[in-house]
Amino acid sequence: FFYFIKSFLGLKSVCIKGWAKGENYLNDDYFHKKKPNHTWNAVLLQEKWCLIDCFWSRNLMNTHSLEHFDDFFFCIEPEKMIYSHFPEHSVWQLLSDHLSFDDFINLPYLKPEFFKYKLSL
């Protein structure tokens, strides 16, 4: 498989297609009969790929205000991102041990607050 890496002002980025557990996520049936339902990015910063989801970083109820901006999904650690985002190609999990699609389905859907408040399972 081939990824088109875009470069703008020396910044390299990739669009990643995959599945995301969001507000409409109910269970594994939601994904099995569907194609990828979401797109996010990876950006190469200081020789390391950084995962970014701009869409999930903004408040959907108020898209014109930075007051409701949430930076959780900017350079999120892959170990946190995998609870809500599963890339079509496993290389973009950016994990040393890749999860299968079934592993992803079986993970709980954890919202940013879970990590912000340093909760654990």
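Since we're looking at a predicted model, the values are computed, not measured.

With that settled, consider the environment of W19. Relative to the assigned elements, W19 resides in strand β2 (residues 11-20). The spatial distance from the C-alpha of W19 to the C-alpha of F104 is 9.7 Å, given a sequence separation of 85 residues.

Pairing geometry for β2 and strand β3 (residues 38-45), over 7 bridges, is antiparallel. The residue bridging S13 from the neighbouring strand is V43, located in β3. Pairing geometry for β3 and strand β4 (residues 48-52), over 5 bridges, is antiparallel. If you follow A42 over to β4, its bridge partner there is L51. In textbook terms, the turn of a hairpin is the stretch between consecutive antiparallel strands, and for β3 and β4 this stretch comprises 2 residues, one of which, Q46, has a positive phi near 50°.

To continue, consider the confidence of the model for the protein. Per-residue confidence for the protein averages 83 on the pLDDT scale, and 76% of its residues sit at or above 70. When mean pLDDT is compared element by element in the protein, helix α2 (residues 78-81) scores highest at 97, while strand β1 (residues 6-8) scores lowest at 63.

Bringing the nonpolar core into the picture now. In terms of nonpolar packing, the biggest core is built from 25 residues, with I16 and L51 touching the most fellow members. Contributions of two or more residues to this core are made by β2, β3, α3 (101-106) and α4 (112-116).

The next subject is the state of the cysteines. Scanning the model with the defined rule gives 1 disulfide in all. Looking at the unpaired C15, the closest cysteine sulfur is the one in C54, lying at 9.9 Å. With relative accessibility at 46%, the residue C15 sits in the partly exposed group. Given a relative accessible area of 42%, C54 falls into the partly exposed group.

All right, on to the packing of aromatic side chains then. Evaluated as defined, the whole model comprises 11 aromatic pairs. Seen in terms of ring centroids, W56 and F73 are 5.3 Å apart; in terms of plane orientation they differ by 90°. Their pairing is edge-to-face. Here W56 is found in the loop between β4 and β5 (74-76), whereas its partner F73 is found in the loop between β4 and β5, with 17 residues between them in sequence. A single burial state applies to W56 and to F73, both of which are buried. Relative to F73, the ring of F72 lies with its centre 5.0 Å away and its plane at 90°, an arrangement referred to as edge-to-face. Judged by relative accessible area, F72 falls into the buried class, the value being 12%. Here F73 falls in the buried class, since its relative accessible area comes to 4%. What links up through ring pairs into an aromatic cluster is the set W56, F72, F73, Y83, F114 and F115. Over the ring of F104 we find K21; its NZ or CZ atom is 4.5 Å from the centre of that ring.

This part covers unusual backbone geometry. Even without being a glycine, Q46 presents a positive backbone phi close to 50°. With respect to the helices and strands, Q46 occurs in the loop between β3 and β4. Positive phi is not limited to glycine here, since L94 has a value of about 55°. Note that L94 resides in the loop between β6 (85-87) and α3.

Calculation rules
- Residues numbered from 1 in each chain as written.
- Predicted model: local features only at pLDDT ≥ 70, side-chain atom pairs only at ≥ 80, totals over all residues.
- Heavy atoms only, no water.
- Helix = DSSP H or I, 4+ residues; strand = E, 2+ residues; numbered from the N terminus.
- Pairing = 2+ DSSP bridges.
- pLDDT = per-residue confidence, 0-100.
- Core = buried A, V, L, I, M, F, W, Y, C linked by side-chain atoms within 4.5 Å.
- Buried < 20%, exposed > 50% of the residue type's maximum accessible area, 1.4 Å probe, protein only.
- Disulfide = S-S within 2.5 Å.
- Phe/Tyr/Trp six-rings, centres within 6.5 Å; stacked < 30°, edge-to-face > 60°.
- Lys NZ or Arg CZ within 6 Å of the ring centre and 35° of its normal.

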